[in-house]
Each structure stands twice: as structure tokens, then as C-alpha cells.
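What follows is each chain in one-letter form.
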Amino acid sequence: MSVSPGMASGQAGGYFSREDYYLRGDGLGENSLWFGSGSQDLGLIGPVREEEFRALCRGEDPAGNRLVSFRLSRDPETGALVERHRAGNDLTFSAPKSVSIAYVAGVSGIKEAHDAAVLSVLSHVEEHYCHYRSPGGIMNGGMVAAKFDHATSRNIDPQLHSHVFVLNVVHAQDGSWKANEPKALFQDQRSLGLLYRQALARELASSGFGLEVQDRAEMYFELKGVDPQLTGYFSTRRVDIERQVEEWQAQGLYLGVSHARLYEMACQGTKEPKRDLSREEVSGIFARGFEACGTSPERVRLDLEEGRSLAPAFEAEAPSRVIERAVRELTEREAVLDRARVLDEAVRISGGGHTVPELNQALDGGTPGVLRLGRDARGREYYTTLEMRDLERRNLERISELEPHDAFVSLPEVERFLGRIAGEGIQPTRGQKREVVSELTGSRGVTLTMGDPGTGKTSTLKLIERFNEEELRPNGRTHLSINLSYTGKAARELSLATGRPACTIHSFEKENPASKFALQRQNGEPPR
């Protein structure tokens, strides 16, 4: 699944000027659908009508009443103030190539499985991602979305997919209408794509189709019975995109840009203009493709129907067992789990064996020992386990029992150091100064400092190490710092910043097994 950047109302209205050569038929209505409780609250049910859609893209209801405010900005050419409104974002759900080929070959049940999978994920999106801003933080409301179905790519390959345009309007809990906040959709678009493929695999398997899972971590699969030669022949769009990415990489362009982002850029840059073809012409193109691969739509349909009747019954373990295994795997590395991360791991374990509602229900109270912690101010949902909660409680008890120690660095010494580096033009922030003083003069057994990315945590450690080198070691004293991090990249950054060795927590524990039990009482008795 992909999520588009915000579209202006004019761009979004273009859905009604685009032809789908194979699916469209006599009118867009048969291949479009309003979705969401917000849509129902506006009286929008069933096929999408152009005038209603365009009104909502402008931030108005179908009667022309404004739902969300617009903003004024200067036109870059004329300098005049103009109204601007973000219409919404496009979520695109694309079926695997073999599934698209089966659809155009006339295999029954394919479109129904795709539709059910898309609607299942949309229900999940409305419940967990339909966000709007409020004084108390991010809240969830009723979604307004329009689903448009298509069956071809721009290269006239079979490509069953749905564009779901999520309108920039949410029905808030107090009954008002708010602009939506799509940040979480961008953050979790990979996870939502996993859930779509999970739901589609489950729908197809339940209908008797055989599946070949090629990448369980990403839930990539194809239908059994569709010749790979066909999927290769009808993948010209993907070939164009991959060729463009390879050319950029060979030229050394866009260094540091992720492969996923490069793929998205190439997708936009290699689009062919839509061509005015009739349904019959597109059917002819498809038929010639099947013929070039030594088969026909009818042969593919018969083979899949025959394999469908012979497919073994699909058996899966209980959803609660899947969630239990997912949580156990994740809590090996972290105590608090993001909902999307738990579902990612659950999909990998399930492999298409469960519906999205089944996994959600198992996560929300259906699995003993799993605790929902709630939402934070950004709308993220978090979980933990009874075991991790009890472990953290014991850790806090141990920490509280640690005796204070005598500080061997005085506050005047640190203040003189900070004054001296200020004369060199080094001006730590107030927070950095507090951390330097706490680290060097504190007497508590354990202290914790927290800071957002970019607030100077690593450079603060560099200042502490400089104090150690310039003020303590010349006088025969030393302040021992052990630089640990979760990742190797962060460890390298720590080492470069402080000039001292650094390593990951995992490697430190491996080389120093006793470090896991380093908390000691003064009499040497290990903590309980």
C-alpha cells in the first residue's frame, strides 16, 4: 500500500476524468464506494457521485456548507491571496500480479476477495488512524473516504487495485468536523500494506485458492497455478520503475535516499499518459499477452478453478496464540510495544491464516498476559505484558534500594570548567549544563536523562569526557564513562563524539556476562 502526499481539490477531482479501460463499464458508480462512519453521517452511502466528491474535496458538505476551514496564501505568480485547501490523501491497494491476471482471466471470486481485504483494512484505518488534532492531543473520529477500483496499469498490464481517497475531514467525538491529521498513515503505510496482503491471502485461501508465500516478513505471495512467465510478461510497469531506480543508482544520484523512496519517485517519474482505449481493445491486448505466453485466459481460468477445488483446507492456530508469540518475540528487545509493530510480527507468524479483525480482537483483550497501555498524545497505541510490567517494577525496587555515594567532583570545579569553555565560544544549553552538573557532581545511585533527537545528548557526553581529560586525569582522578547504545550506528556516533570506545548493549553483555547482575548492595548481596 502507498500513501500519496496531500492533494489539492483540483487534483483529487481528477478521479472523475480518468478512464479505467477494463473495469469502468458504463459509469464510474459501479466501481466506486463511499466508506466510513463520517460518510454515513453526511448521508453518503453507496456509489460516489462527482458533485458530492468535489464538494468534500473543497472542504464542504454536499449542500455546500463549509466543514473545515481553508488557509490563505500568496499566489507565487500574481502575489494575490488565494484560498488553499488540502483535499486529502490517496491510499492505493494493489493486488499481487498473479491475482490481477486471474481477475482479467475471468476467475470468479477474485474481485470479491480484493474488495473484502481493502474494506477490512479501511475499517482498521478508521478505528486506529482517523486522527484529528485537539487541545488534549491527537484524537480519533469518523472517516470520510471514497474508494475507486481499477484493473489496469498505465502500461495496460492487468493490475487490480483500489484508490481510496481519504478526505481531509473527520467527524470529531464532540460532533464537530475537523481537518484530519494523516501523519500516522505515512508512518505506518508499510504495516497497512502488510495487513492488506494478510487479509487478501486469508480471503483467497478461504475461497479455496492455493497460495505461494514468497516473503513471509512482507507477506508477498502469488496464486498457485499462474505461470511465472505470465506474471513476468505483464509486469512492464514494474520493470520500468526498477530500471529507473537502477539508472539513478548507477549515476550516483539521490545518495542517502531509501530504496522505498526511490521506488516512489520512479513510480511518479515513469508514468505513461493515459490512453483512450475501449474495453474491447484492452481485452485484445490481454489476450495477445496470454497467447505470447503459450496459453489463454480460458485456460488459466480452468486451471485455477480446478486447483481451487483440490486445494487443502487451511488450518491456522488460534489468533491469541499468534499474538502471544508475536509479543514474546518483540519483548526480547523492548518492554513497550507499538500496535503496528505487534501486528507486523503477527502477520509474519500468521502468514495469511487470520483476518485483520481476528488479530485486532486477540490483541485487545483476547490474549492473556497482554496489557493495553493506551494512546499517547500523538495517537500511537502501546502494549506491554504482565511479565514486563512485573520485571520493571522489580527493577524500580532494586534501584530505589541503591545507596547514594559521595560525589568526588565539586560544583565549583564544574562551574569553572563551563565558564572556561564559554570563553572559547562553546555555549551549552541549559539542559546540557544541568546534565553535566548532574553527571559529575551527583550522588544518586541511578539518574535518568531524557531528550528528543537533536537536543545535544551526544555532545553533552563529549563535554563530560573533556572535563575528565582536562580537569580530573591531570590530578590523578577519573570519571568512568561506558558508552552503550542499542545500535551499531549509534555506538559509532558515540565513539566519534567522545573519543572513547562505545559498543551496543548486546555486545557489552556478551563480553561481560556479569553486567546483567551489576546492581549490588553495599554488603555485596545481589538484589532479589
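Just above, that's the structure.
The following refers to the structure shown. (Residues numbered from 1 in each chain as written. Predicted model: local features only at pLDDT ≥ 70, side-chain atom pairs only at ≥ 80, totals over all residues. Heavy atoms only, no water.)

So, the pairing of strand β15 (residues 370–375)
Regular strands have side chains that alternate between both faces of the sheet. Strand direction decides the pairing type here: β15 and strand β16 (residues 381–385), joined by 5 bridges, are antiparallel. Considered in β16, the bridge of Gly374 is made with Tyr382. Two successive antiparallel strands, β15 and β16, enclose a turn made up of 5 residues, where Gly379 displays a positive phi of approximately 90°. (Pairing = 2+ DSSP bridges. Helix = DSSP H or I, 4+ residues; strand = E, 2+ residues; numbered from the N terminus.)

Here's the deal with the sheet that holds β16
Taken together, the 3 strands give an open sheet; going across it, the order is β14-β16-β15, and neighbouring strands pair in antiparallel fashion. Strands with a single pairing partner mark the edges of an open sheet, and in this sheet they are β14 (337–338) and β15. For β14 and β16, the ladder comprises 2 bridges, and the chain directions are antiparallel. When the sheet's bridge partners are listed, Asp338 is paired in β16 with Tyr382. Helix-sheet contacts for helix α16 (residues 386–401) involve β15 and β16, and the interaxial angle to β16 is about 80°. (Contact = heavy atoms within 4.5 Å. Axes fitted to C-alpha atoms, helices over the stretch in contact; angles between N-to-C directions.)

A short note on helix α5 (residues 110–129)
Spanning 20 residues, α5 covers 27 Å between terminal C-alpha atoms, matching the ideal 28 Å at 1.5 Å per step. Extensive coverage of α5 is indicated by the burial of 15 of its 20 residues. (Expected span 1.5 Å × (residues − 1). Buried < 20%, exposed > 50% of the residue type's maximum accessible area, 1.4 Å probe, protein only.)

Things to note about the nonpolar core
With 75 residues, the main nonpolar core has Phe93, Ile110, Leu204, Leu223 and Phe290 as its most contacted residues. The greatest single-element share of this core, amounting to 9 residues, is contributed by helix α7 (residues 189–206). The residues touching Leu223, leaving out its near neighbours within four places in the chain, are Ser98, Val99, Ala102, Ile110, Leu204, Phe209, Gly210 and Leu211. Within the second largest apolar cluster, 18 residues are counted, among which are Leu44, Leu56, Leu67 and Trp177. (Core = buried A, V, L, I, M, F, W, Y, C linked by side-chain atoms within 4.5 Å.)

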